[in-house]
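# Structural description and commentary
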Amino acid sequence: MKLNICCGKRLLPGYVNIDIAAVGGMPDILAPATHIPLPTGCATEIMCIHGWEHFYRWECDDAIMEWRRLLRNGGRLVLELPD
């Protein structure tokens, strides 16, 4: 399973699209990035494109721990951030 966290309007085929709000389309899962209702080790890839910079500093540790929980061993984390 591949997860597109903080998907916004980018609902990608082949990914489970996740966001805290429906913005320009309904994601597959409405949930905060820090509490995603999926089983541990379910994801081969987690992608977050221009989402990380929207977290407050105090949310970052919880988000990355949740994503680590979701990634299986050898899984891939893809982050794209501005400059």
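Before reading on, note that the structure itself is shown above.
Residues numbered from 1 in each chain as written. Predicted model: local features only at pLDDT ≥ 70, side-chain atom pairs only at ≥ 80, totals over all residues. Heavy atoms only, no water.

### Points about the overall build of the protein
Worth spelling out the cut-off: Runs of E in the DSSP output that reach at least two residues are strands. Runs of H or I that reach at least four are helices, and both are numbered from the N terminus. For the radius of gyration, the atom set is restricted to C-alpha positions; the globular benchmark scales as 2.2 Å times the number of residues to the power 0.38. Throughout this description, buried means an accessible area under 20% of the type-specific maximum (1.4 Å probe, protein chains only), exposed means over 50%, and partly exposed covers the range between. Any pair of residues with heavy atoms lying within 4.5 Å of one another is described as a contacting pair. Counted as positive: Lys and Arg. Counted as negative: Asp and Glu, with His and the chain ends omitted from the count. Where a charge sits is defined by one atom per residue type, namely NZ (Lys), CZ (Arg), CG (Asp) or CD (Glu).
Helices and strands together make up the secondary structure of the protein, namely 1 helix and 5 strands. Whereas a compact globule of 83 residues would reach a radius of gyration of roughly 12 Å, the protein reaches 12 Å, a difference of no more than 12%. Put simply, the protein has 83 residues, and 40% of those count as buried. Sequence-distant contacts in the protein: of pairs separated by 6 or more residues, those separated by 24 or more amount to 55%. Within the protein, one finds 8 positive and 10 negative side-chain charges whose respective centroids are separated by 7 Å.

### A closer look at helix α1 (residues 57-70)
Cut-off, in case you're wondering: Residue count minus one, scaled by 1.5 Å, sets the expected span of a helix. The directions from the helix axis to the C-beta atoms form the arc being described.
With 14 residues, α1 should cover 20 Å at 1.5 Å per step; its first-to-last C-alpha distance of 21 Å lies within 8% of that length. For α1, the set of buried residues is Cys-60, Ala-63, Glu-66, Trp-67 and Leu-70. An end-on view of α1 places all buried positions within 140° of arc, on one side of the element. Opposite its buried face, α1 presents the exposed residues Trp-58 and Met-65, each directed more than 90 degrees away.

### Considerations on the pattern of salt bridges
Selection rule: Throughout this description, the term salt bridge denotes a Lys or Arg side-chain nitrogen within 4 Å of a carboxyl oxygen of Asp or Glu.
Applying the stated criterion across every chain, the model contains 3 salt bridges. Between Arg-76 and Glu-45 there is a salt bridge, with the nearest N and O atoms lying 3.3 Å from each other. Here Arg-76, found in strand β5 (residues 71-80), pairs with Glu-45, found in strand β4 (residues 43-49); they are 31 residues apart in sequence, far enough to count as distant. Residues Arg-69 and Glu-66 are paired through a salt bridge, measuring 2.9 Å at the closest nitrogen-oxygen approach. Remark: Glu-66 and Arg-69 occur in helix α1; sequence separation between them is 3 residues, near one turn of the helix. Using a relative accessible area of 9% as the deciding quantity, one classes Glu-66 as buried.

### So, the nonpolar core
Applied cut-off: Throughout this description, the term nonpolar core refers to a set of buried Ala, Val, Leu, Ile, Met, Phe, Trp, Tyr and Cys residues connected via side-chain atoms within 4.5 Å.
Leu-3, Ile-5, Ile-18, Leu-38, Ile-46 and Trp-67 are the most contacted members of the largest nonpolar core, which has 20 residues in total. Within the residue set of this core, elements represented by two or more residues are β1 (2-5), β2 (16-19), β4 and α1.

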